Amino acid sequence: MQTRLPQPELRSDRLHLRDVRISDAPALFSIHSDPSVMRYWSYPAWTELAQAEQKVADIQRQRLELDILVWAIADAASDRLIGTSAVFALDLKQGRAEIGYSLHPEWQGRGLATEALRLILGYLFDQLQLRRVEADIDPRNEASWRLLEKLGFIREGLLRERWHVNDEICDTAIYGLLRRDFKAS
């Protein structure tokens, strides 16, 4: 069975963006079991490796059934998964999609998330000809919204009390990026 939308490999000097593999499950678990990474997500930190294994299986199934792109953000030298990024709610006819991302704390603060998103956004705008990309961010997650703003995203609204995570009711800031506002360099 063929995936609906081809998953391109994207590269920079430091990163290799590729398919998520079952062998990535331990590294994926390391990211999603970290409470500091999951603090602002819409679900709590994982507690078992089986959750990561199930997530990889879900990604592989979704790639067959939906127009969704999910990249393993891997270190170019070792090909070790250090983060992920997903493009979902992809509507080629409307020219829009949503994006999400995570990066292991040991790899944060080096500009790697910015580098990965630039590669992905360049592909979305140049190859898929999208007009708009959106992101849903907890407004308290300053590192994430600063990353988006550096790339040209604009905060377009606030959805109050949107999520219930870790016994806490949380707001969501909606960010949007138009092709013409994308800062690729």
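Relevant structure appears above.
Residues numbered from 1 in each chain as written. Predicted model: local features only at pLDDT ≥ 70, side-chain atom pairs only at ≥ 80, totals over all residues. Heavy atoms only, no water.

Draft legend 1. Structural view of the layout of surface pockets. Estimated volume of the largest pocket: approximately 1300 Å³. Trp41, Gly100, Tyr101, Ser102 and Ser144 are, among the 46 residues lining the largest pocket, the residues nearest its centre. Residue composition of the lining of the largest pocket, grouped by class: 22 nonpolar, 15 polar and 9 charged. (1 Å grid on protein atoms, 1.4 Å probe; cavity = no way out; pocket = protein on both sides within 12 Å on 5 of 7 lines; lining within 4 Å. Points joined across faces, edges and corners; volume = space filled by probe spheres on them. Nonpolar A, V, L, I, M, F, W, Y, C, P; charged D, E, K, R; others polar.)

Draft legend 2. Layout of the packing of aromatic side chains. A full pass over the atoms with the stated rule returns 4 aromatic pairs. Between the aromatic rings of Trp41 and Tyr43, the centroid separation amounts to 5.6 Å while the plane-to-plane angle is 70°, which identifies the pairing as edge-to-face. Overall, Trp41 belongs to the partly exposed group, its relative accessible area being 25%. Looking at Tyr43, the relative accessible area reads 25%, which means it is partly exposed. Measuring from ring centre to ring centre gives 6.5 Å for Tyr43 and Trp46, while their planes differ by 15°; the resulting arrangement is stacked. Taking the relative accessible area as the measure of exposure, Trp46 reaches 9% and is therefore buried. The rings of Trp41, Tyr43 and Trp46 are connected pair by pair, giving a single aromatic cluster. Stacked on the ring of Trp107, the Lys or Arg Arg110 has its end atom at 4.7 Å from the ring centre. (Phe/Tyr/Trp six-rings, centres within 6.5 Å; stacked < 30°, edge-to-face > 60°. Buried < 20%, exposed > 50% of the residue type's maximum accessible area, 1.4 Å probe, protein only. Lys NZ or Arg CZ within 6 Å of the ring centre and 35° of its normal.)

None of the figures reported here should be taken as evidence of function without further support.
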